[in-house]
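A look at the structure
Chain by chain, the residues run as shown.
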Amino acid sequence: MAGRSAPGASLVDRTLDVLGAFDPEHRVLRLADLAARSGLTPSTTLRIARRLQAGGFLARRPDGGYVVGRRTWDLGLLAPVQTDLRDVAAPFLQDLQAATRATVHLAERDGDRVLYLDRLQGSASVPVVSRVGGRLPLHTTGVGKVLLAHAPADVVAHVLAGLERVTPYSITSPGLLQRQLAQVRREGFASTSGEMDVGNASVAVPVRGPGEEVVAALGLVVTALGRDRQRLVAALSVAAAGIGRALRG
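A short tour of the structure in this document, coming up. Quick caveat, the model's predicted, so the values are computed rather than measured.

Definitions and limits used
- Once a new chain begins, its residue numbering starts again from 1 and follows that chain's sequence as written.
- The model is predicted, so local features are restricted to residues of pLDDT at least 70 and side-chain atom pairs to those at 80 or more, both for listing and for counting; the totals for chains, interfaces and linings are taken over all residues.
- Note that water and hydrogens are dropped before the side-chain values are worked out from all heavy atoms of the structure.
- We call a residue buried when its accessible area falls under 20% of the maximum for its residue type, exposed when it is over 50%, and partly exposed in between, using a 1.4 Å probe and counting protein chains only.
- Counting from the N terminus, the helices are the DSSP runs of H or I reaching at least four residues and the strands are the DSSP runs of E reaching at least two.
- When DSSP finds at least two bridges between two strands, those strands are taken to pair.
- For every element, the axis is a line fit to its C-alpha atoms; helices are fit only across the contacting stretch, and the angle between N-to-C directions ranges from 0 to 180 degrees.
- Here a residue-residue contact requires only that any non-hydrogen atoms of the pair lie within 4.5 Å.
- Expected helix span is given by 1.5 Å per residue-to-residue step, counting one fewer step than there are residues.
- Salt bridges, as used here, are contacts in which a Lys or Arg side-chain nitrogen is within 4 Å of a carboxyl oxygen on Asp or Glu.
- When describing relative orientation, an angle under 35 degrees is termed roughly parallel and one over 145 degrees roughly antiparallel, while 65 to 115 degrees is termed roughly perpendicular and anything else oblique.
- Three classes are used, and their members are as follows: Ala, Val, Leu, Ile, Met, Phe, Trp, Tyr, Cys and Pro are nonpolar, Asp, Glu, Lys and Arg are charged, and the others, Gly among them, are polar.
- We call a set of buried residues a nonpolar core when its members are Ala, Val, Leu, Ile, Met, Phe, Trp, Tyr or Cys and they connect through side-chain atoms within 4.5 Å of each other.

Let's talk about the pairing of strand S6 (residues 190–193)
Residues Ala 190 and Thr 192 of S6 are buried on one face, while the alternating residues Ser 191 and Ser 193, pointing to the opposite face, are not. Bridging between S6 and strand S7 (residues 201–208) involves 4 bridges; their strand directions are antiparallel. The partner of Ser 191 across the bridge, within S7, is Val 203.

Dropping the structure here:
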C-alpha cells in the first residue's frame, strides 16, 4: 500500500496519500486503484482527485485513469538540485548538440531508475524513447549505466537482482553487467548498443559535483558508435567537465 494516513488525518495528509500513490510502476491509476493505494475510501479519493485535477496536479485520461499533472512536474523542476543543474548545464548541452548533431541527455538517478532532466533532440533520425521527466531502467541506457556504476552497493544489488529484458540486446546477466560497471569506473564512460531501442547506440560520462561525487550523467544517442566512439566520449567529457566547474562555482 502506497500510503495510509492515521485516523483523523488532515486533508493535507490525505492529499499527500493520493499523490503518493503514483510511482514509476504505477503511472496510471483508475479510481479504485488510487483509493486502494492511498488507503482512502473511494468517495474521499474521488473528492481529492477532482480537486487536484482542477488545479492541474492530476490529469484524467479518456479511459478514466488518473495520471500526474503537468503542474506537479513543473513544481518538481523547482527543486534546487534539479533547477540549478539544468540551468547550469543548458549552454553545455546546446554546444554539445551543435558539435555532435546527436540527441543529448542530462540525467540523474532516482532510486533504481534513471530520471531524464533534459533532452535536446538530434538532427539524425534515431529512435529515442526518453522524455524529460521520464524514467527508464538503469542497466539499459548509457546514462543509467554511468549512474549505476557510481550508485551505493544496495542500489546495485537491487538492480542486479531484477534485470529486465527490454530488447533482445538488453544485459540480463548480473555477472556481465558487474564487469561492465567496473569498466565504466575504470574508463570513465559507458555505452550501449540496442539495449533500450533496437537501432540506436548511446555513450555517456559522469558529471561530478563540488565534492567530486557523481551528481548526474551526460549522454549522447546515435545510430551507431563505431569509429566515432572516442570522438563522442571526448566531446562529452569536455562538456561534463564544464558543467562540473560551473557547479563548483
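Notes on the sheet that holds strand S3 (residues 103–110)
Across the sheet, 6 strands lie side by side as S5-S4-S3-S8-S7-S6; this open sheet has antiparallel pairing. For this open sheet the edge positions go to strand S5 (135–137) and S6, each flanked by a neighbour on one side alone. Sheet twist, expressed as the mean angle between neighbouring strand axes with direction ignored, is 30 degrees. In this structure, strand S4 (residues 113–120) lies alongside S5, joined through 3 bridges in antiparallel fashion. Bridge pairing links Val 114 to Leu 136 in S5. Sitting on the sheet, helix H9 (residues 229–248) touches S6, S7 and strand S8 (214–222), and the angle it makes with S7 is about 25 degrees.

Description of H9
For H9, built from 20 residues, the straight-helix expectation of 28 Å at 1.5 Å per residue is met to within 8% by its first-to-last C-alpha distance of 28 Å. Listing the buried residues of H9 in full gives Leu 232, Val 233, Leu 236, Ala 239, Ala 240, Gly 242, Ile 243 and Gly 244. The positive-phi residue at the C-terminal boundary of H9 is Gly 249, with phi of around 70 degrees.

Thoughts on the pattern of salt bridges
Enumeration over the complete set of coordinates arrives at 7 salt bridges. Taking the shortest distance from any N to any O, the salt bridge between Arg 61 and Asp 63 comes out at 2.9 Å. The exposure class assigned to Arg 61 is partly exposed, which follows from its relative accessible area of 35%. Here Lys 145 ties to Glu 195 by a salt bridge, and the two come within 2.8 Å at their closest N and O atoms. Here Lys 145 is found in helix H6 (residues 142–149), whereas its partner Glu 195 is found in the loop between S6 and S7, with 50 residues between them in sequence.

Some points on the pairing of S8
Along S8, 7 of the 9 residues are buried, which leaves the element largely enclosed by surrounding structure. Of the strand pairs in this sheet, S3 and S8 are connected by 5 bridges, and their pairing is antiparallel. In the strand pairing of S8, Leu 106 is matched with Leu 218. Note that S7 and S8 share 8 bridges and pair antiparallel. Pairing of Pro 206 across the sheet is with Ala 217, part of S8.

With respect to the environment of Leu 96
Assignment of secondary structure puts Leu 96 in helix H5 (residues 80–100). For Leu 96, a relative accessible area of 4% gives the class buried. Note: C-alpha distance between Leu 96 and Leu 220 (124 residues apart in sequence) is 9.0 Å. Here Leu 96 is in contact with Arg 101, Val 104, Leu 218, Leu 220, Ala 235, Leu 236 and Ala 239, once residues within four sequence places are set aside.

Structural notes on the packing of helix H2 (residues 31–38) against helix H3 (residues 42–54)
The axes of two packed helices give the description: the angle between them and the distance between them. Between H2 and H3, whose axes approach to 9 Å, the crossing angle comes to 105 degrees. Our classification of the angle between H2 and H3 gives roughly perpendicular. Residues Leu 31, Leu 34, Ala 35 and Ser 38 of H2 lie in contact with H3, whose contacting residues are Pro 42, Thr 45, Leu 46 and Ala 49. Class assignment of the residues belonging to the contact of H2 with H3 gives a composition of 6 nonpolar, 2 polar and no charged.

Some points on the nonpolar core
Grouped together as the largest cluster of nonpolar side chains are 25 residues, with contacts concentrated most on Leu 106, Val 203, Leu 218 and Leu 220. With 6 residues, the top contributor of residues to this core is H9.

Overview of the packing of helix H1 (residues 11–19) against H3
With their axes 10 Å apart at the nearest point, H1 and H3 run at an angle of 80 degrees to one another. By the criterion of interaxial angle, the relationship of H1 to H3 is roughly perpendicular. Contact residues: Leu 11, Arg 14, Thr 15, Val 18 and Leu 19 in H1; Thr 44, Ile 48 and Leu 52 in H3. The class makeup of the residues in the contact of H1 with H3 is 5 nonpolar, 2 polar and 1 charged.

A look at the environment of Phe 57
Within the secondary structure, Phe 57 is located in the loop between H3 and strand S1 (58–60). Taking C-alpha positions, Phe 57 is 18 Å from Leu 40, a pair spaced 17 residues apart along the chain. For Phe 57, the residues in contact, after removing those within four places along its chain, are Leu 52, Val 68, Gly 69, Arg 71, Thr 72 and Leu 75.

Everything listed is a geometric property; what it means functionally is a separate question.
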